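Here are the chains, one letter per residue:
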Amino acid sequence: MSKNTTDTYWMKKALSLAMKGTGTVSPNPRVGCVIVNRFNEIIGTGFHQAYGGPHAEIIAIRSLKEAADGATMYLTLEPCTIHGKTPACAPVVCDLGLSRAVIGSIDPNPQVAGRGVQMLKDSGVDVTMGVGTKEANWLIRSFKKFITTGLPYVTVKVAQSLDGGIASSTGVSKWISSEESRKEVHALRGEVDAVLVGKQTALIDNPQLTVRELKGRNPLRFVFDRNLTLPHYLHIFTDSEHSKTIVCCAPSMKNSEKAKELAKLGVRVLPVPIDKKGNFKIIEFLGILSDQFFVSHLLVEGGGAVVSAFAQAACIDEFQLFVAPFLFGAPKSMATLPVALSPDEASKYSIVEHKKSGADLHIIAVKTDSGKEFSERMF
Ligand SMILES: NC(=O)c1ccc[n+]([C@@H]2O[C@H](COP(=O)([O-])OP(=O)(O)OC[C@H]3O[C@@H](n4cnc5c(N)ncnc54)[C@H](OP(=O)(O)O)[C@@H]3O)[C@@H](O)[C@H]2O)c1
């Protein structure tokens, strides 16, 4: 195998190890590491497993079957240089006597931002960048937003008909998308820290918003219900995960009888600041999610009013769109409020992936300024 093919092969392994931290490391990044000796044999592996726990490279070093001098380390994110919940990793990696390190991404944390790579170079390690970088950037996209802005990364998931309908004219949306697409949505829920729906969606669809089609951690469930009018028989209030449900209400409802009734059910109530029209201030809401709930990735699951509020606040980082091949006619659309008066004024997104998902087309689009970081991923 050529050096390039070998690097791609081992980086792919490191990336799939990183994926194993999905749902357990947030708001930290998912990171994987493979250490290979001079005979191209694997001698150590690791991935970041738990928030606050040892980093991927430290776990890989602890797993070493032999000394790592002359070896190559494949690491999806550069080693950190700061003492956070654990000591800095870069000095430990420098002491191994590696001959090479192949690094996927530069750490977006401004306190690290290339210093880990520089430390490796200064200690004589030959550093290769650019292998699996788009995949590695994709893995840490929510961490990047969280660490650089203090706000969660927002993904909007929508299932729609060919004519843009998210529900029929009578409000029915079960099921627009195929079984395969719904499985993808369950995987997405396992990846994020929290999901959000509006009151009408909670009422009409009575969704569970849990991970059921595959293994994964259930996210927190937020619902926008300004006046706390949702009935208590809904799944989100009665199932075994009800302590993960948080109802967002107007500040005036904070100490209301309805809030007390929800508290008795074990459901939390969260007052969210409102604007002059009585709508929640979306950026403030996102700030509360990160400050009080450590949410670094939020999945907005509709309906149209909630998606519109996020679109108007220019707070959508990514769309996961499932387009089903049928027509509703007179449909209810994803964004019902005006967002832009002309295509020139519209927020721009880039399609970074499109694939068949059962009978549907699954499109992933991200804000154009970050599109080139992930587009045309190899694996
Ligand atoms: N195809 C899909 O992917 C999909 C996904 C989800 C839902 N749906 C469908 O979409 C329909 C529901 O959508 P919808 O647009 O009618 O309703 P919705 O977005 O689910 O809920 C709207 C309600 O949520 C609260 N809300 C929304 N934005 C708010 C804001 N910025 N500030 C404060 N409160 C806010 C308000 O309740 P209060 O006024 O009571 O406070 C508002 O009336 C259903 O038919 C459902 O089946 C489809």
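This one's a predicted model, so the numbers in the text were calculated from it and none came from an experiment.

Enquirer: Residue-level account of the overall build of the chain, with values.
Expert: Assigned secondary structure in the chain consists of 13 helices and 16 strands. In terms of overall size, the chain behaves like a compact globule, its C-alpha atoms giving a radius of gyration of 23 Å where 379 residues would be expected to give roughly 21 Å. Along the longest, intermediate and shortest principal axes, the C-alpha atoms of the chain span 65 × 45 × 40 Å. Taking all 379 residues of the chain together, 53% fall into the buried category. Relative to all contacts within the chain whose residues are 6 or more apart in sequence, the contacts with residues 24 or more apart total 71%. Carbon and sulfur atoms form 55% of the exposed surface of the chain, whose accessible area is close to 17300 Å². Of note, the chain has its 43 positive side-chain charges centred 4 Å away from the centre of its 37 negative side-chain charges.

Enquirer: Provide a residue-level description of the domain arrangement of the chain, including the pertinent values.
Expert: Each assigned domain of the chain is listed here: domain 1 (3-139) and domain 2 (144-374). Here the C-alpha centroids of domain 1 and domain 2 sit 34 Å apart. Facing the 11 residues of domain 1 at the interface are 17 residues of domain 2. Counting the surface lost from both domain 1 and domain 2, the interface buries some 1200 Å², and carbon and sulfur atoms represent 64% of this. At the boundary of domain 1 with domain 2, the tally comes to one salt bridge. In this structure, the salt-bridge partner of glutamate 191 is arginine 30, at a minimum N-O distance of 3.4 Å.

Enquirer: Summarise unusual backbone geometry; cite the residues concerned and give the values.
Expert: Here the residue pair lysine 174 and tryptophan 175 is connected by a cis peptide bond, since its omega of -15 degrees sits within 30 degrees of zero. Residue position: tryptophan 175 is located in the loop between strand 7 (165-167) and helix 7 (179-191). One non-glycine residue, alanine 113, lies in the positive phi region at around 35 degrees. Of note, alanine 113 is situated in the loop between strand 4 (100-105) and helix 4 (115-122). Although it is not a glycine, leucine 228 adopts a positive phi angle of roughly 55 degrees. Positionally, leucine 228 belongs in the loop between strand 9 (220-224) and helix 9 (235-238).

Enquirer: Describe the environment of serine 240, listing the residues and the values that go with them.
Expert: Tracing the chain through its elements places serine 240 in the loop between helix 9 and strand 10 (245-249). C-alpha of serine 240 to C-alpha of threonine 81: the two residues are 159 residues apart in sequence and 41 Å apart in space.

Enquirer: Account for the environment of leucine 96, naming residues and giving values.
Expert: Structurally, the position occupied by leucine 96 is in the loop between helix 3 (90-94) and strand 4. Each C-alpha atom of the pair leucine 96 and alanine 136 lies 24 Å from the other, and the pair is 40 residues apart in sequence. The residues contacting leucine 96, other than those within four sequence positions of it, are Ile61, Leu64, Ala68, Asp69 and Met73.

Enquirer: Please give an account of a nonpolar patch on the surface that cites residues and values.
Expert: There is a patch of nonpolar side chains on the surface, built from Leu203, Ile204 and Tyr233 and spanning about 320 Å² of accessible area. With respect to the helices and strands, isoleucine 204 occurs in helix 8 (residues 199-205).

Enquirer: Just give me the short version of the side chain of serine 161, but keep the residues and values in it.
Expert: With respect to the helices and strands, serine 161 occurs in strand 6 (residues 153-161). Relative accessible area serves as the criterion here: at 0%, serine 161 is assigned to the buried category. When near neighbours in sequence (up to four residues on either side) are disregarded, serine 161 contacts Ile176, Val323, Ala324, Phe326 and Phe328.

Enquirer: Kindly report on the packing of aromatic side chains, identifying the contributing residues and their values.
Expert: Within this structure, the stated rule accounts for seven aromatic pairs. On the numbers, 5.1 Å between centres and 75 degrees between planes, the contact of phenylalanine 224 with phenylalanine 285 is edge-to-face. In this pair, phenylalanine 224 is assigned in strand 9 and phenylalanine 285 in helix 11 (residues 282-293), connecting sequence segments 61 residues apart. By the burial criterion, phenylalanine 224 is buried, and phenylalanine 285 matches it. The interplanar angle of 85 degrees and the centroid separation of 5.2 Å between the aromatic rings of phenylalanine 326 and phenylalanine 328 together place this pair among those described as edge-to-face. You can call phenylalanine 326 partly exposed: its relative accessible area is 30%. In this structure, arginine 141 is placed above the aromatic ring of tryptophan 138, and the distance from its NZ or CZ to the ring centre is 3.7 Å.

Enquirer: Account for the site of the ligand, with residues named and values stated.
Expert: Among the 26 residues in the neighbourhood of the ligand, the closest are listed as Ala159, Lys199, Thr201, Arg226 and Ala305. The backbone of glutamine 200 places a nitrogen or oxygen atom 3.2 Å from an oxygen atom of the ligand. In the model, an oxygen atom of the ligand is placed 2.7 Å from a nitrogen or oxygen of the alanine 305 main chain. Counting only elements with at least two residues in the shell around the ligand, the list comes to strand 6, strand 7, helix 8 and helix 12 (304-312). No other element matches helix 8, which puts five residues into the shell around the ligand. Its residues assigned to classes, the shell around the ligand comprises 11 nonpolar, nine polar and six charged.

Enquirer: Can you tell me about the sheet that holds strand 8 (residues 194-198), naming the residues and giving the values?
Expert: One key point about sheets: their strands pair by backbone hydrogen bonds, in either a parallel or an antiparallel sense. Judged by pairing direction, the sheet is mixed, and its nine strands sit side by side in the order 11-10-9-8-12-6-13-16-15 without closing on themselves. Here the strands that pair on one side only, and so sit at the sheet edges, are strand 11 (268-271) and strand 15 (349-357). For this sheet, the mean angle separating the axes of adjacent strands, direction not counted, is 20 degrees. In terms of strand pairing, strand 6 meets strand 13 (residues 318-324) through seven bridges, oriented parallel. Counted as the bridge partner of valine 156 is phenylalanine 319 from strand 13.

Analysis parameters
Residues numbered from 1 in each chain as written. Predicted model: local features only at pLDDT ≥ 70, side-chain atom pairs only at ≥ 80, totals over all residues. Heavy atoms only, no water. Helix = DSSP H or I, 4+ residues; strand = E, 2+ residues; numbered from the N terminus. Rg over C-alpha atoms; globule rule 2.2 N^0.38 Å. Buried < 20%, exposed > 50% of the residue type's maximum accessible area, 1.4 Å probe, protein only. Contact = heavy atoms within 4.5 Å. Areas by Shrake-Rupley, 256 points an atom, 1.4 Å probe, with all protein chains shown as cover. Lys, Arg positive; Asp, Glu negative; His and termini not counted. Charge placed at Lys NZ, Arg CZ, Asp CG, Glu CD. Domains from an automatic or database assignment. Buried area = accessible area lost by both parts, 1.4 Å probe. Salt bridge = Lys/Arg side-chain N within 4 Å of Asp/Glu carboxyl O. Patch = residues over 30% accessible without salt bridge, like charges linked within 9 Å, V, L, I, M, F, W, Y side chains within 5 Å. Phe/Tyr/Trp six-rings, centres within 6.5 Å; stacked < 30°, edge-to-face > 60°. Lys NZ or Arg CZ within 6 Å of the ring centre and 35° of its normal. Near = heavy atom within 4 Å. Polar contact = N/O pair within 3.5 Å; in protein donor to acceptor, adjacent residues only side chain to side chain. Nonpolar A, V, L, I, M, F, W, Y, C, P; charged D, E, K, R; others polar. Pairing = 2+ DSSP bridges. Axes fitted to C-alpha atoms, helices over the stretch in contact; angles between N-to-C directions.

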